[in-house]
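Residue strings, one per chain:
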Amino acid sequence: MTTELQPFTWQVTRKQIAAYAEASGDHNPIHLDDEAARAAGLPGVIAHGMLGMAQLANYVVAYAGDHRRIRRLRCRFSGMVLPGDTITFRGQALGEEGGVVKLELSAENQRGEKVLTKALAEVAAR
């Protein structure tokens, strides 16, 4: 039986992007400097893909109730995430098999563009 998960929204800010750069050690200028990002052919600063995946992980933890229940999490980065974007995460639980619940997940921006696809999580059943 498939169950829809409650959507989760994330408001992307430059402050979050800078904090992630500091925490991860990834100071690539495309994440921090508009001029450098434009020189690389981008519209301006973009968020780190892994920052988006971290927000996806938060979404899965909210479903699981405890991060220790997460057994697998994967996704494909399919679009740029920009400061000011509103990202909506959606998912559905596909049912339990062998003590594990599989979640099919996605994320899109306010323009309806997919930014994470082929996302899947496996969570230990309660």
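Above this text is the structure in question.
A few points on the structure. This structure is a prediction, so every number in the text was calculated from the model and none was measured.

Conventions and cut-offs
Residues numbered from 1 in each chain as written. Predicted model: local features only at pLDDT ≥ 70, side-chain atom pairs only at ≥ 80, totals over all residues. Heavy atoms only, no water. Helix = DSSP H or I, 4+ residues; strand = E, 2+ residues; numbered from the N terminus. Buried < 20%, exposed > 50% of the residue type's maximum accessible area, 1.4 Å probe, protein only. Contact = heavy atoms within 4.5 Å. Areas by Shrake-Rupley, 256 points an atom, 1.4 Å probe, with all protein chains shown as cover. Phe/Tyr/Trp six-rings, centres within 6.5 Å; stacked < 30°, edge-to-face > 60°. Core = buried A, V, L, I, M, F, W, Y, C linked by side-chain atoms within 4.5 Å.

**Details of the overall build of the protein**
And then number 1: Broken down by element type, the protein carries three helices and six strands.
And then number 2: Burial analysis of the protein (126 residues in total) assigns 37% to the buried set.
And then number 3: Considering only intrachain contacts with a sequence separation of at least 6, the fraction spanning at least 24 residues in the protein is 62%.
And then number 4: A total of about 7200 Å² of accessible surface is found on the protein, and carbon and sulfur atoms cover 51% of it.

**Describing the packing of aromatic side chains**
And then number 1: Enumeration over the complete set of coordinates arrives at four aromatic pairs.
And then number 2: With a centroid separation of 6.1 Å and an interplanar angle of 35°, the aromatic rings of tyrosine 59 and phenylalanine 89 are classed as tilted. Of this pair, tyrosine 59 sits in helix H3 (residues 49–64) while phenylalanine 89 sits in strand E4 (residues 86–97), and the two are 30 residues apart along the sequence. Considered together, tyrosine 59 and phenylalanine 89 belong to a single accessibility category, that of buried residues.
And then number 3: One aromatic cluster is present, built from ring pairs that chain together Phe8, Trp10, Tyr59 and Phe89.

**A short note on the nonpolar core**
Side chains that are nonpolar tend, in soluble globular proteins, to be buried together.
And then number 1: The biggest cluster of nonpolar side chains holds 26 residues, and the ones touching the most others in it are Leu56, Ile87, Phe89, Leu103 and Leu105.
And then number 2: At the level of elements, H3, E4, strand E5 (100–108) and strand E6 (114–124) are the ones that each hand at least two residues to this core.
And then number 3: Excluding residues within four positions of it along the chain, phenylalanine 89 makes contact with Pro7, Phe8, Trp10, Gly52, Gln55, Leu56, Tyr59, Ser106, Ala107 and Leu116.

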